[in-house]
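Coordinate inspection notes
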Amino acid sequence: MKILRLDASVRGDSHERLSYRSISRQLANHFLSELKVNNVHFEMKLRDVGKIPPAFIDEAWLAACFTPETKRTPEMQQALALSDSLIDELHWADLLLISTPMYNYGMPAALKAWFDQVIRVNKTFSFDLQRGDFPLAPIFSGKRLVLVSSTGEFGFEPGGVREHMNHLTTHIRTLSHYLGVEQVDDVQVQFQEFADARHEASKAQAFEAVAALAKAFLPQVPKQIEELMQSA
Ligand SMILES: Cc1cc2nc3c(=O)[nH]c(=O)nc-3n(C[C@H](O)[C@H](O)[C@H](O)COP(=O)(O)O)c2cc1C
């Protein structure tokens, strides 16, 4: 399995004070260490957009995108160089592991900058008005997304008191379709700002959920073989 890990928190995961450590990064670390515990083989590339934010797209970027490849000047090629390499990383991966905080009810600007760089016409999606009112279609397919996140408040889940304020997981789920993602697993820690028992319970539950998710990546033994092994 090929994993592209994206970390979006501006906080690191090794501060001497435990409470200063990024929870979303710790969830991603836990997922990877549980894959190892379960002997799930993987290769990984890391894009730490929280520490090294990608550039924002600009007018030169857009003009280069809409110029046919064979007609692009060296300046245009340069304007798209970062986008090209981020898309190559995305193309390489079977699984995206995105760890992100909620900032201002949505994703951090650095992570949005990454999405803006990789969701690109004729590279990651095609545009065809013959498709009627839904002209965009993803070019890549078959990818999975594991999305681990952390919030200060609570109630962002479906049916929760702040469901209508969740512009984080909903937005990332929508965008991930254009990256070729066909399955999303989403684990969130809430209540960070309350630092109370509810936060501790939310963390414990999320770390357990991430461990269970890692187990689901074990190669599946075909049912007939499992039955034969049990009857032997
Ligand atoms: C700039 C900033 C904006 C934030 N905005 C929100 C918010 O809108 N809603 C919320 O529930 N928590 C918000 N928080 C709290 C974070 O989501 C919370 O601290 C989370 O644990 C951060 O993720 P991390 O631990 O991986 O760094 C914000 C924190 C920061 C630093």
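Bear in mind the structure is a predicted one, so any value in this text is a computation, not a measurement. (Residues numbered from 1 in each chain as written. Predicted model: local features only at pLDDT ≥ 70, side-chain atom pairs only at ≥ 80, totals over all residues.)

In a regular helix each residue adds 1.5 Å, so 15 residues correspond to 21 Å; helix H1 (residues 23-37) covers 21 Å between its end C-alpha atoms and thus fits that length. Here H1 has its buried residues at Ile-23, Ser-24, Arg-25, Gln-26, Leu-27, Ala-28, Phe-31 and Leu-35. Contacts made by the buried residues of H1 are with strand S1 (2-7), strand S3 (95-101), strand S6 (143-150), strand S7 (181-189) and helix H7 (197-215). Remark: Asn-39 follows H1 within two positions and exhibits a positive phi of approximately 55°. (Helix = DSSP H or I, 4+ residues; strand = E, 2+ residues; numbered from the N terminus. Expected span 1.5 Å × (residues − 1). Buried ≥ 20, exposed ≤ 12 C-beta atoms within 10 Å, placed from the backbone. Contact = placed C-beta atoms within 7 Å.)

Our focus in this paragraph is the packing of H1 against H7. Where H1 contacts H7, the axes come no closer than 8 Å and their chain directions differ by 35°. For the crossing formed where H1 meets H7, the hand is right-handed. On H7, the residues that touch Leu-27, His-30, Phe-31, Glu-34 and Leu-35 of H1 are Ala-206, Phe-207, Val-210, Ala-211, Leu-213 and Ala-214. In terms of residue class, the contact of H1 with H7 is built from nine nonpolar, one polar and one charged. (Axes fitted to C-alpha atoms, helices over the stretch in contact; angles between N-to-C directions. Left-handed = near helix turned anticlockwise from the far one by under 90°. Nonpolar A, V, L, I, M, F, W, Y, C, P; charged D, E, K, R; others polar.)

A word on the nonpolar core. Core analysis: the biggest nonpolar cluster contains 37 residues, and Leu-6, Leu-27, Phe-31, Leu-96, Leu-97 and Val-148 have the highest contact counts within it. Sorting the residues of this core by element identifies S1, H1, helix H4 (81-92), S3, helix H5 (109-118), S6, S7 and H7 as the ones contributing at least two each. A per-element tally of this core places H1 first, with five residues. Once residues within four sequence positions are removed from consideration, Leu-97 is found in contact with Ile-3, Arg-5, Ala-28, Phe-31 and Val-146. (Core = buried A, V, L, I, M, F, W, Y, C linked by C-beta atoms within 7 Å.)

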